[in-house]
Amino acid sequence: MSTTKITLDTRFNGSSGPVTLRDAVRRMKAHEMACTVEPELLEGKANVFCDCVERGFTPLRGEIMAAYYVAERDAALDAFDRGLITEGELLQKRIDLDRQVLGHLSLS
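Residues numbered from 1 in each chain as written. Predicted model: local features only at pLDDT ≥ 70, side-chain atom pairs only at ≥ 80, totals over all residues. Heavy atoms only, no water.

K.L.:
Help me out: how do you make sense of the overall build of the protein chain in this one?
P.N.:
Each helix and strand counted, the protein chain has 4 helices and 2 strands in total. Reading the helices (α) and strands (β) of the protein chain from amino to carboxyl end gives β-β-α-α-α-α. Considering the protein chain as a whole, with its 108 residues, one finds that 25% of them fall into the buried category. Surface exposure of the protein chain reaches about 7,400 Å², of which carbon and sulfur atoms provide 55%. (Helix = DSSP H or I, 4+ residues; strand = E, 2+ residues; numbered from the N terminus. Buried < 20%, exposed > 50% of the residue type's maximum accessible area, 1.4 Å probe, protein only. Areas by Shrake-Rupley, 256 points an atom, 1.4 Å probe, with all protein chains shown as cover.)

Structure representation (structure tokens):
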């Protein structure tokens, strides 16, 4: 049984024909998602996704980890904005989240 390593240069058939994961992320960041997602939110998610793929995670797992990271980060910021947590707690949550998600990346 042979395995194929998926990288950002892996080609697949997209809706517009053959494309690499790297090109798909670039297109998504450039225009396709710009009308519905804030640019900095999209940039962060795309960066986590690319990090995951470059470290050997499947694109699906990379997407799940990126979505989780962004959702948790936004939930902590929302809790701070609503006065539910202090600035120190917000900073600690960000540190813990980075360690949890990005720490997993460094283990692979």
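Let us keep going from here.
K.L.:
What's the story with the nonpolar core in this structure? I'm lost.
P.N.:
With 16 residues, the main nonpolar core has F49 and Y69 as its most contacted residues. Those elements giving two or more residues to this core turn out to be α1 (21-32), α2 (39-54), α3 (59-81) and α4 (87-107). Counting residues per element, this core draws most heavily on α2, at 6 residues. Discounting chain neighbours no more than four positions away, the residues touching Y69 are V48, L97, D98 and V101. (Core = buried A, V, L, I, M, F, W, Y, C linked by side-chain atoms within 4.5 Å. Contact = heavy atoms within 4.5 Å.)

K.L.:
I'm lost on the pattern of salt bridges in this one. Help?
P.N.:
One side chain can pair with another of opposite charge once the charged atoms of both are near each other. Counting across every chain of the model gives 3 salt bridges. Residue R73 is joined to D74 by a salt bridge in which the shortest nitrogen-to-oxygen separation is 3.4 Å. Residue R73 is classed as partly exposed on the basis of its relative accessible area of 23%. A relative accessible area of 32% places D74 in the partly exposed class. One salt bridge in this structure joins D78 and R82, with 3.6 Å as the shortest N-O distance. Judged by relative accessible area, R82 falls into the exposed class, the value being 58%. (Salt bridge = Lys/Arg side-chain N within 4 Å of Asp/Glu carboxyl O.)

K.L.:
When you look at α3 in this model, what are you seeing that I'm missing?
P.N.:
Given a rise of 1.5 Å per residue, 23 residues ought to cover 33 Å, and the 33 Å separating the end C-alpha atoms of α3 matches this to within 8%. Looking at α3, one finds that the buried residues are G62, M65, A66, Y69, V70, A76 and A79. Residue G83 follows α3 closely and has a positive phi angle near 80°. (Expected span 1.5 Å × (residues − 1).)

K.L.:
I'm lost on the environment of L77 in this one. Help?
P.N.:
In this fold, L77 is placed in helix α3. The spatial distance from the C-alpha of L77 to the C-alpha of L90 is 6.9 Å, given a sequence separation of 13 residues. Setting aside chain neighbours within four positions, we find L77 in contact with L90 and R94.

K.L.:
Teacher, can you tell me more about the confidence of the model for the protein chain here?
P.N.:
Where the model shows low pLDDT, its predicted coordinates should not be examined in detail. Of the residues in the protein chain, 73% reach a pLDDT of 70 or more, and the chain-wide mean stands at 75. The least confident element of the protein chain is strand β1 (residues 11-14), whose mean pLDDT is 67; the most confident is α3, at 82. (pLDDT = per-residue confidence, 0-100.)

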